[in-house]
Amino acid sequence: MSIDKTSTPAADSAVENTDAAAAAVTAVDPRLLVREQGLAGYVGEFKRKMKAGDLGSIPVVVGLLVIWAIFTSLNSNFLTAGNFSDMAVAMVGTGMIAVGIVFVLLLGEIDLSVGSVSGVAGATFAVLSVSHGMNEWLAMLLAVLTGTVAGAIHGFFFARIGVPAFAVTLAGLLFWNGFMLQVLGANGTINIDPEGVVAELTSYFFADVAAAYGLAVVAVVGYFLNAYFDNRRRAAVGIPSRPLSEIIVRTVLLAVLAFAVAIVFNQYKGLPLAVLIFVVVLLVTDFVLRRTAYGRKVFALGGSVEASRRAGINVTAVRISVFAISGTFAAIGGLFITSKIASANQGAGAGDLLMNAIAAAVIGGTSLFGGRGRTWNALLGVLVIISIQYGLALQGVASPVQYMITGGVLLVTVVIDAITRKTQKTAGRA
């Protein structure tokens, strides 16, 4: 007597449930709908993202274009090649610090010490290279490591001892500011070599037009090849991927933007070294966050510390490393600021530097609640801030008004972030 096991009710039910689950996944996967429906699919996907609060960088880009349009209409010199190049170089110091802030914000924490740490780095470099005659490359390396150590100390007290990041870094702000004053000594100001390595960080331009155009070509070709081969890998394992037509459209848009910027740079002094370094930093840090196991751990911690711990992530080590990264980029930003003013002085790291760095990360799209953001947000945010500052300066607007306007922009951004988070919770995505 034989038993037909393939026709049992349990087996039939399991098959039906599996088929139903697969059909459900297929039906609700918006990426598949986009690929299947062409232009209508993309319109539907855009509407779905808007309803779910997934705004991405759209508000920042639109806001930046509006800012540029307003200031250009008020003063035709705003977007001239010279002014645009000056803005691009001026943004790098604050932008570097904002990159480190992005890492910290992804954890849902804050680092208030970055301004003072940047000042310490500039002072350390100036004292070692000028006062003690040390090789500039070695002095620059030690200055950066000073920021790394400072950040690691903050991370240790936060991650190992359990002191809130706000309190630790606030103490760091005061301590490192006093340390900087002690390092600079009674004189308070040390001028660096105007033809030295650090000075050339913001003063050197690649005058050959091939440099700017070459960078644009590398960026466009690199993007296309990365997107194309990434799609091939996704398609090989059955994961939804962008059609070739979409990749081409995105590449063309990037090409228009990249070559437009290259043309503007070449109309002035050429490609600034500072901008080239900043772009490379953004590419590397974005790769680390989105393509490595470490980056996934950072995002996981920003989503849920307890879930990350249960998943086997060394929470303490990741937290300390993130604050060390923040300190490192604060030091790098401090060297660029030292280069811009050609000196290290007692006012370094003070004023609105800290607030601008944090505001740049938040305005660019990094969430204050953790778990959402990219290092490219630092570029967008600092562009907004620098554009406002330069635009208002051209109009002769006083600094107090500049502070108020920048604060208003930051408030609007935080409100959008809070509303977005609530909308995502309503849509079941957070």
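For the structure itself, look to the data block above.
If you're wondering where the values come from, they're calculated on a predicted model, not measured in any experiment.

Draft legend 1. Quick peek at the overall build of the chain. Counting its regular elements, the chain contains 18 helices and four strands. Within the chain, the fraction of its 430 residues that count as buried is 42%. Across the chain, contacts joining residues at least 24 apart in sequence account for 78% of those joining residues at least 6 apart.

Draft legend 2. Molecular detail of the packing of helix 5 (residues 81-106) against helix 16 (residues 353-363). Between helix 5 and helix 16, the shortest axis-to-axis distance is 8 Å and the interhelical angle comes to 60°. With respect to each other, helix 5 and helix 16 are oriented oblique. For the pair helix 5 and helix 16, the crossing hand works out as right-handed. From helix 5, T94, I97, A98, I101, V102 and L105 reach across to helix 16, where they touch L353, N356, A357, I358, A360, A361 and V362. Residue classes in the contact of helix 5 with helix 16 are distributed as eleven nonpolar, two polar and no charged.

Draft legend 3. How the structure looks around the packing of aromatic side chains. For the structure shown, the criterion picks out twelve aromatic pairs. A ring pair is formed by F158 and F323, whose centres lie 5.4 Å apart and whose planes are at 55°; its orientation type is tilted. With F158 in helix 7 (residues 136-161) and F323 in helix 15 (residues 315-341), this pair connects stretches of sequence that are 165 residues apart. The burial state of F158 is the same as that of F323; both residues are buried. Both rings, one in F175 and one in F179, keep their centres 6.4 Å apart while their planes meet at 15°; by these two values the pair is stacked. Here F175 and its partner F179 are both found in helix 8 (residues 165-184), four residues apart, which amounts to about one turn of the helix.

Draft legend 4. Focus on a nonpolar patch on the surface. A surface patch of nonpolar side chains, amounting to about 420 Å² of accessible area, comprises I58, V62, V66, I70 and L74. For V66, a relative accessible area of 43% translates into the label partly exposed.

Draft legend 5. Highlighting the side chain of T375. Relative to the helices and strands, T375 is located in the loop between helix 16 and helix 17 (376-394). Residue classification places T375 among the buried residues on the basis of a relative accessible area of 0%. In this structure the side chain of T375 is engaged in a polar contact, spanning 3.4 Å, whose partner is the backbone nitrogen of D286. In this structure, T375 is in contact with V99, V102, F103, L282, T285, D286 and L289, ignoring residues within four places of it in sequence.

Draft legend 6. Quick peek at the pattern of salt bridges. Within this structure, the stated rule accounts for seven salt bridges. Residue R233 is joined to D230 by a salt bridge in which the shortest nitrogen-to-oxygen separation is 3.5 Å. Here D230 and R233 lie together in helix 10 (residues 209-236), a separation of three residues that amounts to about one turn. Taking relative accessible area as the criterion, R233 reaches 49% and is therefore assigned partly exposed.

Draft legend 7. Quick look at the nonpolar core. Counting 98 residues, the largest nonpolar core has M91, M96, F125 and F278 as the members making the most contacts within it. It is helix 5 that contributes the most residues to this core, 16 residues altogether. Setting aside residues up to four positions removed in sequence, M91 forms contacts with F278, L379, V382, L383 and I386.

Draft legend 8. Local environment of the packing of helix 7 against helix 15. Two numbers describe how helix 7 lies on helix 15: the axes approach to 7 Å, and their chain directions differ by 145°. As helix 7 runs across helix 15, the sense of the crossing is right-handed. The residue inventory of the contact of helix 7 with helix 15, partitioned by class, reads 13 nonpolar, eight polar and two charged.

Draft legend 9. Structural context of the environment of W376. Looking at where W376 falls in the secondary structure, it is placed in helix 17. Expressed as a C-alpha distance, the spacing of W376 and A361, which sit 15 residues apart in the sequence, is 8.9 Å. Look past the residues within four positions of W376 in its chain and what remains in contact with it is L282, L283 and D286.

Draft legend 10. Representation of helix 12 (residues 273-291) in the model. Its 19 residues give helix 12 an end-to-end C-alpha distance of 27 Å, which sits within 8% of 27 Å, the value for a rise of 1.5 Å per residue. By the burial criterion, the buried members of helix 12 are L273, A274, V275, F278, V281, L282, T285, D286 and L289.

Draft legend 11. View of unusual backbone geometry. Its identity as a non-glycine residue notwithstanding, A342 has a phi of 60°, on the positive side. Among the secondary structure elements, A342 is positioned in the loop between helix 15 and strand 4 (343-345).

Definitions and limits used
- Residues numbered from 1 in each chain as written.
- Predicted model: local features only at pLDDT ≥ 70, side-chain atom pairs only at ≥ 80, totals over all residues.
- Heavy atoms only, no water.
- Helix = DSSP H or I, 4+ residues; strand = E, 2+ residues; numbered from the N terminus.
- Buried < 20%, exposed > 50% of the residue type's maximum accessible area, 1.4 Å probe, protein only.
- Contact = heavy atoms within 4.5 Å.
- Axes fitted to C-alpha atoms, helices over the stretch in contact; angles between N-to-C directions.
- Parallel < 35°, antiparallel > 145°, perpendicular 65-115°, else oblique.
- Left-handed = near helix turned anticlockwise from the far one by under 90°.
- Nonpolar A, V, L, I, M, F, W, Y, C, P; charged D, E, K, R; others polar.
- Phe/Tyr/Trp six-rings, centres within 6.5 Å; stacked < 30°, edge-to-face > 60°.
- Patch = residues over 30% accessible without salt bridge, like charges linked within 9 Å, V, L, I, M, F, W, Y side chains within 5 Å.
- Areas by Shrake-Rupley, 256 points an atom, 1.4 Å probe, with all protein chains shown as cover.
- Salt bridge = Lys/Arg side-chain N within 4 Å of Asp/Glu carboxyl O.
- Polar contact = N/O pair within 3.5 Å; in protein donor to acceptor, adjacent residues only side chain to side chain.
- Core = buried A, V, L, I, M, F, W, Y, C linked by side-chain atoms within 4.5 Å.
- Expected span 1.5 Å × (residues − 1).

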